[in-house]
Amino acid sequence: MKLGKIIDLSQEIYQGMPVYPGHLKTVIFTHATHDETERQIGTGFSYQTSGILLCDHGPTHLDAVSHLSRDPAAEPIDQLALSKCITPAICIDVSDVPRKSQFGADKIKSELQRWNLRIEKGDTVLFYTAHWDRYYGQLEYMTDHPGLTRDGTEFIIDQGAVNFGIDCTSPDMWYDKNYPCHRVCAERQITHYENLANLKEVVGKRFIFVGVPLKIRNGTGSPVRALAILQE
């Protein structure tokens, strides 16, 4: 089976990378060097390893339902069905939405019409805000992004989306502390990706999305390597 073009939708993981305000900072440290292990082994062979300390919501990642819901039955990340992480997908352009504002169902409907797309049952829906392109590495990246409204979140779920994602730190506008999008996800037991990248390359397209979490026991989320596989 021949695959089409693969596009990396993941952000780089490195010490000092931006994280959502209040989340654990990323720390990467040397655990063992070639010189140290060569002396320990004594045969001329050597290796090096590093340690990583990071938030399960730090880099490009997938939220678990248990991150959002107080329900004891809410799924942790290791129990999330992988069928929700490898799906058909579309990407909607909302890059004209001003930062520190919100967009909802009407904007989504107009963009679907503009690109001749539709949300089908089982889809992942990605939102290209261009916030990563414009502000990554600046303070504005962490707080000044646009956000999805309650009615916008309900609309894509009602249309059949099983997952969605965005190229900023949260699908909720930072300045709306009611967290309407996260609240709908908790109520509807659906989750989403945050801190995606390179979505400009898939705007207006239908493709296969891959974003598989690590199998972290009872995890509230997980870093992922997110990919888009275009159809030839």
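See the structure shown above.
Everything numeric here is computed off the predicted structure, so don't read it as measured data.

Peer 1: Would you explain the overall build of the protein chain in this entry?
Peer 2: Within the protein chain, the regular secondary structure consists of seven helices and 13 strands. In terms of overall size, the protein chain behaves like a compact globule, its C-alpha atoms giving a radius of gyration of 19 Å where 232 residues would be expected to give roughly 17 Å. The principal-axis extent of the C-alpha atoms belonging to the protein chain is close to 65 × 45 × 40 Å. Relative to its full complement of 232 residues, the protein chain shows a buried share of 51%. Within the protein chain, contacts between residues at least 6 apart in sequence are counted, and of these 75% link residues at least 24 apart. If you sum the accessible surface of the protein chain, you get close to 11,700 Å²; carbon and sulfur atoms cover 51% of it.

Peer 1: Mind showing me how you'd approach the packing of aromatic side chains here?
Peer 2: Scanning the model with the defined rule gives six aromatic pairs in all. Aromatic pair Phe45 and Tyr47: ring centres 6.5 Å apart, planes at 45°, arrangement tilted. On the basis of relative accessible area, Tyr47 is assigned to the partly exposed category, the value being 35%. Linked through ring pairs, Trp132, Tyr136 and Tyr141 together constitute an aromatic cluster. Stacked on the ring of Trp174, the Lys or Arg Lys177 has its end atom at 3.2 Å from the ring centre.

What counts and how
- Residues numbered from 1 in each chain as written.
- Predicted model: local features only at pLDDT ≥ 70, side-chain atom pairs only at ≥ 80, totals over all residues.
- Heavy atoms only, no water.
- Helix = DSSP H or I, 4+ residues; strand = E, 2+ residues; numbered from the N terminus.
- Rg over C-alpha atoms; globule rule 2.2 N^0.38 Å.
- Buried < 20%, exposed > 50% of the residue type's maximum accessible area, 1.4 Å probe, protein only.
- Contact = heavy atoms within 4.5 Å.
- Areas by Shrake-Rupley, 256 points an atom, 1.4 Å probe, with all protein chains shown as cover.
- Phe/Tyr/Trp six-rings, centres within 6.5 Å; stacked < 30°, edge-to-face > 60°.
- Lys NZ or Arg CZ within 6 Å of the ring centre and 35° of its normal.

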